[in-house]
Amino acid sequence: MPVNPEVGASSVPPREVYSVSRLNREVRVLLERGLGVVWIEGELSNFSQPASGHWYFSLKDRDAQLRCAMFRMKNVLVGFTPRPGMQVLIRGRVSVYEARGEYQLIADTLEEAGVGALKREFERLKIRLAAEGLFAPERKRALPRFPRRIGVITSPSGAALHDILHVLARRYPPAGVLIYPTLVQGADAAPALVAALRSASARAECDVLILARGGGSLEDLWAFNDERVARAIHASTLPVVSGVGHEVDFTIADFVADLRAPTPSGAAELVTPDGAAWLQSVARTSQRLHGAMRRELQVSAARFSAAAHRLQLSHPGVRLHQQMQRLDDMTQRLAGAARANLQRDRLRLMDARGGLLRNSPQHRVQEFLARQHNAGARLEQALKAQLARAAHRLALLQRALHTVSPLATLTRGFAIVTRADGTVVTDAAAIEVGAQIEARLARGSIAARVTGRKP
């Protein structure tokens, strides 16, 4: 039977061809979404740390191995440098290194296997006791401000006890110290701590208890993570301050105790007041009290003075004195007013008299005579001044006339020659020989006859 080539071609599904990169990418997504975060324990090997700071290593057991990577932002939080052969516990997610098509574990937490088990046990106990209310803040008891006796539960041979006693003696010597010796490390430490806590609580010889131990590893401090110790602290009738390990160490006892100190010395400081500071505080309080007393006395004295002053002002004798003073004041004011009125009337009388004198006929006649005399004197002065000015002008004119007058020239040896008819001769050619002429000199004149001429 013939087959339709179009029908046969359409019945075959189209091929979906993956690239290598796409396949590795989708495999990575499937692994990361399918498995999520996992915990894996094994032996560490092939450890390397390039310049980038990232860690690359293998995790193996007896039958298989797994490539692992831990990036720098995560491995800086580990707290130790991994070594080949170390048994470790890793938390991470399964992924694929797409460039090589290798599946690997991307780690975000790495810890030693034994320590990891202890930490998990620590977290489980912490959650369970917190759910029971052993860590509740409302059950925490306040510490006494001035304890008379302080109990110390610790090893009698440890350095922690020496540090605590040194701080107590320095800060608050009056307080007595009672030591409850006990083990603080090892398998028998937890029962010994419980017995010491119960004994101190039952005997009630102290005001506060310090539960202390020096620093160490997680295994060394494990007795303070024991549930029995936690419940003994919770059942104690006395306030308990924990000072276990260093500042970075946290134990279950720290959470159950009424107060946690970072170190044993810190616990000793928390349970005692600072003696020197208290003495300074008492001194400051004493100074403030004395100051307050002085201020109160000053206020009382001021009030007494004010009351005495008011009483003095209200005394009848004072009122009488005031009335007498007021009478004297009014008398002086009345006399002053009378004098002022008399003075005012005197001035008015003098003004009226002056006005009468100014308006009388005799005064007017004298005033007109004085004005006439003044006018005559001014007229005479004006005439004299006018005559002086005229004389001065005449002198000036005379000097000017004399300056331009021919007579002034004659005084210098010159002469004025005139004809018989009186005309002035100014040119020798204009006069004839034998003519009669007259020469006028500065003083007198001469009659002459022309005998000859020169050009």
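Coordinates for the structure precede this section.
Residues numbered from 1 in each chain as written. Predicted model: local features only at pLDDT ≥ 70, side-chain atom pairs only at ≥ 80, totals over all residues. Heavy atoms only, no water.

Trainee: I would appreciate a short explanation of the pattern of salt bridges in the present structure.
Mentor: Considering all chains together, one arrives at 13 salt bridges under this definition. Arg-228 is the salt-bridge partner of Asp-226, the closest N and O atoms lying 3.0 Å from each other. Residue Asp-226 is classed as buried on the basis of its relative accessible area of 18%. When its relative accessible area of 46% is taken as the criterion, Arg-228 is described as partly exposed. Three or more residues are tied together by salt bridges with common partners; here these are Arg-128, Glu-132, Glu-227 and Arg-231. (Salt bridge = Lys/Arg side-chain N within 4 Å of Asp/Glu carboxyl O. Buried < 20%, exposed > 50% of the residue type's maximum accessible area, 1.4 Å probe, protein only.)

Trainee: Would you mind going over the nonpolar core with me for this structure?
Mentor: Most often, soluble globular proteins keep nonpolar side chains buried together rather than apart. In this structure, Ile-153, Leu-211, Ile-233 and Ile-252 are the most contacted members of the largest nonpolar core, which totals 32 residues. Residue assignment for this core shows that the elements contributing at least two residues are helix H4 (113–132), helix H6 (189–203), strand S8 (208–213), helix H7 (227–235), strand S9 (240–244) and helix H8 (252–256). The element that contributes the greatest number of residues to this core is H6, accounting for seven residues. Residues contacting Ile-233, with those up to four places away along its chain left out, are Arg-141, Leu-197, Leu-211, Val-240, Ala-253, Val-256 and Ala-257. Judged by nonpolar contacts, the second largest core, of 16 residues, contains Ile-150, Ile-210, Val-241 and Ala-268. (Core = buried A, V, L, I, M, F, W, Y, C linked by side-chain atoms within 4.5 Å. Helix = DSSP H or I, 4+ residues; strand = E, 2+ residues; numbered from the N terminus. Contact = heavy atoms within 4.5 Å.)

Trainee: Just to check I follow, could you spell out the packing of aromatic side chains for this structure?
Mentor: By convention here, two paired aromatic rings are described through the distance between centres and the angle between planes. The tally for this structure, following the rule as stated, stands at five aromatic pairs. Ring centres of Phe-135 and Phe-255 lie 5.4 Å apart, and the angle between their planes is 35 degrees; this geometry places the pair in the tilted category. Residue Phe-135 is located in the loop between H4 and strand S6 (149–154), and its partner Phe-255 is located in helix H8; the two are separated by 120 residues in the primary sequence. Since its relative accessible area comes to 16%, Phe-135 is described here as buried. For Phe-255, a relative accessible area of 22% translates into the label partly exposed. Members of the aromatic cluster, joined through ring pairs, are Phe-47, Trp-55 and Phe-57. Directly above the aromatic system of Phe-250 lies the positively charged group of Arg-260, at a separation of 3.9 Å from the ring centroid. (Phe/Tyr/Trp six-rings, centres within 6.5 Å; stacked < 30°, edge-to-face > 60°. Lys NZ or Arg CZ within 6 Å of the ring centre and 35° of its normal.)

Trainee: Would you take a moment to explain the sheet that holds strand S11 (residues 416–419) for this structure?
Mentor: Read from one edge of the open sheet, three strands run S11-S12-S13, paired in antiparallel fashion. Strands at the two margins of the open sheet, each flanked by one partner only, are S11 and strand S13 (445–449). Averaged over all pairs of adjacent strands, the angle between strand axes in this sheet comes to 25 degrees, irrespective of strand direction. Relative to S13, strand S12 (residues 436–440) is paired through five bridges, and the arrangement is antiparallel. Paired with Gln-436 across the two strands is Arg-449, which belongs to S13. (Pairing = 2+ DSSP bridges. Axes fitted to C-alpha atoms, helices over the stretch in contact; angles between N-to-C directions.)

Trainee: Hey, could you run me through the side chain of Asp-258 in this one?
Mentor: Within the secondary structure, Asp-258 is located in the loop between H8 and strand S10 (259–260). Side-chain polar atoms of Asp-258 contact the backbone nitrogen of Arg-141, separated by 2.8 Å. From its side chain, Asp-258 meets the backbone nitrogen of Val-240 in a polar contact 2.8 Å long. Once you skip the residues sitting within four places of it in the chain, Asp-258 turns out to touch Arg-139, Lys-140, Arg-141, Leu-238, Pro-239 and Val-240. (Polar contact = N/O pair within 3.5 Å; in protein donor to acceptor, adjacent residues only side chain to side chain.)

Trainee: What is the right way to look at the packing of helix H5 (residues 159–171) against helix H9 (residues 264–271) in this model?
Mentor: Relative orientation and spacing of two packed helices are given, respectively, by the angle between their axes and the distance between those axes. Across the interface, H5 lies against H9 with an axial gap of 8 Å and an inter-helix angle of 30 degrees. Here H5 is positioned roughly parallel relative to H9, judged by the angle of their axes. Helix-helix and strand crossings are classified by hand; for H5 and H9 the assignment is right-handed. The residues of H9 that touch H5, namely those facing Ala-160, Asp-163, Ile-164, Val-167, Leu-168, Arg-170 and Arg-171, are Pro-264, Ser-265, Ala-268, Glu-269 and Val-271. Taken together, the residues that form the contact of H5 with H9 break down as seven nonpolar, one polar and four charged. (Parallel < 35°, antiparallel > 145°, perpendicular 65-115°, else oblique. Left-handed = near helix turned anticlockwise from the far one by under 90°. Nonpolar A, V, L, I, M, F, W, Y, C, P; charged D, E, K, R; others polar.)

Trainee: Where do I start with the sheet that holds S8 in this structure?
Mentor: Sheets are built from strands paired through backbone hydrogen bonds, the pairs being either parallel or antiparallel. What the five strands build is an open sheet, ordered S7-S6-S8-S9-S10; its pairing is parallel. Each edge of the sheet is formed by a strand with only one pairing partner; in this case those strands are strand S7 (176–181) and S10. Note that S6 and S7 share six bridges and pair parallel. Its bridge partner lying in S7, Arg-149 is registered against Gly-176. Sheet strands in contact with H9 are S6, S8, S9 and S10, and its direction is about 170 degrees off that of S8.

Trainee: How do you make sense of the environment of His-162 when you look at a structure like this?
Mentor: One can find His-162 in helix H5. Exposure remark for His-162: the relative accessible area of 56% places this residue in the exposed category. Residues His-162 and Gln-280, 118 residues apart in the sequence, show an inter-C-alpha distance of 27 Å.

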